[in-house]
Amino acid sequence: MNFDFKSTKEYAVQQDAEDILASYKDRFFFPQHQGKNAIYFCGNSLGLQPKTVESAIQIELNAWRDLAVGGYFGGKHPWLYYHELLTPSLAKIIGANKEEITVSNTLTVNLHLMLLSFYKPTATRYKIIMEAGAFPSDQYAVETTVKQWGLDPADAIIEIEPLAGEKILHTNSIIGTIIEHDTTVALVLLGGMNYYTGQLYDLKKIASAAHQIGAICGFDLAHVVGNIPVSLHDWEIDFAVWCSYKYLNAGPGAVGGIFVHEKWSTNSQTPRLGGWWGNDEKTRFKMEKGFHAKPNASGWNISTTPVFNMIGLKASLEIFDQAGIQQIRNKSIRLTSYLEFLLKELPNLPFEIITPISIDERGAQLSLFFKENGKAIHNKMQENGIIVDYREPGVIRVAPAPLYCSFQDVYQFYSILREHF
Ligand SMILES: *Cc1c(COP(=O)(O)O)cnc(C)c1O
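Residues numbered from 1 in each chain as written. Predicted model: local features only at pLDDT ≥ 70, side-chain atom pairs only at ≥ 80, totals over all residues. Heavy atoms only, no water.

## Thoughts on the pattern of salt bridges
Counted by the stated rule, this structure contains 17 salt bridges. Two residues, arginine 65 and aspartate 66, come together in a salt bridge whose shortest N-O distance is 2.8 Å. No difference in accessibility class separates arginine 65 from aspartate 66, as the two residues are exposed. The shortest N-O distance in the salt bridge between aspartate 155 and lysine 127 comes to 3.5 Å. Here the residue aspartate 155 occupies a position in helix α6 (residues 153-156), and lysine 127 occupies one in strand β7 (residues 127-131), the gap between them amounting to 28 residues. Via salt bridges that share partners, Glu236, Asp238 and Lys263 belong to a single interconnected network. (Salt bridge = Lys/Arg side-chain N within 4 Å of Asp/Glu carboxyl O. Buried < 20%, exposed > 50% of the residue type's maximum accessible area, 1.4 Å probe, protein only. Helix = DSSP H or I, 4+ residues; strand = E, 2+ residues; numbered from the N terminus.)

What follows is the structure in structure tokens.
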């Protein structure tokens, strides 16, 4: 894509004037630095608080105060169905039917629930393919799962490594590994986007290769949901999980999400661990023997809806509904490309951008790899009111989330760096 970027403040001001999402910045609270909004490029770690969250919490506090147990069936948002208020907006963001989505628990717990349903090793088909350097929690989940089945992680887990001297994975290598291990593979499980490099994988092609060898394909979409629109249903992804506190701005520890493709979710016989909230509502309160899973993804819900963990997500999804995920993505492409353009104008900073240059292979984040002094440079950024994070080894992740970051923020980030380095 060709952009007409300029490294001037006037240019950034004009870009903001033309940005149809510019006013969304005012809907969020920013951490303060010396009396002004900090430059917050850390929405890939924890999204900012929408200003509407507090009053939304107050509504449910009042319902609890005034209706007590009656709040399950009465009030503005009966708690019995609270999680269902979230699925229509999520359906648009991840490209799924309402029947394929539920919210429940947090990411790693949901990953374990999916592994229980979809990883069924046999004597010959028992391997799990994942990316080398996957997010630690995902690595632990897979390692402990295969041990639980009495298997040796060194044998059962295949890690796809970048080519020598490279940091990102080529789609061809991923597909090559899948085809190479053929009928020994039970499950292909990747992060949709690598948290460290910011590389977005080709979910559709990977799922198709996994299905070609008869394996199941699941994704951890922690860095994808709310960042990049996807079409999980059409791409025939078997399952996916994500958290809501990164690009979805739902707050620390907010409820996570589960996608189970219709071909599995509408079958109440698909194996899973049951609990009363996943049971058909018609029989749930009969307190009888026998679990009857709901014929949709909500059949994976287990416990009573954690309402207070969902309010932030509901408030945030209202903003996504208004802005539209495609518009958000359109702005994001420009904003992150502008960041890349300006970073390249900083010859004195000794880093390499390890995130792919192609916009089809990345989202809001650019990962800057420093061979040395990464931590010191990160500290210096923080002293100057720039909030970004540092991940060992040597990477500063810079993620201008398009809902609340502006072209002027990106320009200011650049001018602070130019001044100090
Ligand atoms: C953020 C993140 C997680 C976090 O998992 P929790 O269970 O919510 O703590 C897991 N996997 C990936 C890839 C992540 O980026």
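## A short note on the side chain of threonine 355
Among the structural elements, threonine 355 can be located in the loop between β13 (351-353) and β14 (366-370). Engagement of the side chain of threonine 355 in a polar contact is seen with the backbone oxygen of threonine 197, the distance being 2.7 Å. (Polar contact = N/O pair within 3.5 Å; in protein donor to acceptor, adjacent residues only side chain to side chain.)

## Section: the sheet that holds β7
Taken in spatial order, the seven strands make up an open sheet running β6-β12-β11-β10-β9-β7-β8, and their pairing is mixed. In the strand order of this sheet, the two ends are held by β6 (101-103) and β8 (157-160), each with one partner. The average angle at which neighbouring strand axes cross in this sheet is 20°, direction not considered. Taken strand by strand, helix α5 (residues 136-148) contacts β7, β8, β9 (185-191) and β10 (216-220), and its axis lies near 170° from that of β7. (Pairing = 2+ DSSP bridges. Axes fitted to C-alpha atoms, helices over the stretch in contact; angles between N-to-C directions. Contact = heavy atoms within 4.5 Å.)

## Let's talk about helix α4 (residues 107-118)
Spanning 12 residues, α4 covers 16 Å between terminal C-alpha atoms, matching the ideal 16 Å at 1.5 Å per step. Every buried residue of α4 is listed here: Leu107, Asn110, Leu111, Leu113, Met114, Leu115, Ser117 and Phe118. Elements in contact with the buried residues of α4: α5, β9, β10, β11 (239-242), β12 (257-260) and α9 (262-265). (Expected span 1.5 Å × (residues − 1).)

## What about the site of the ligand?
What surrounds the ligand is the set Leu107, Thr108, Phe135, Asp138, Asp220, Ala222, His223, Tyr245 and Lys246. Between the ligand and aspartate 138, the relevant distance is 2.9 Å, taken from a nitrogen atom to a side-chain nitrogen or oxygen of the residue. Looking at the shell around the ligand, its residues break down into four nonpolar, two polar and three charged. (Near = heavy atom within 4 Å. Nonpolar A, V, L, I, M, F, W, Y, C, P; charged D, E, K, R; others polar.)

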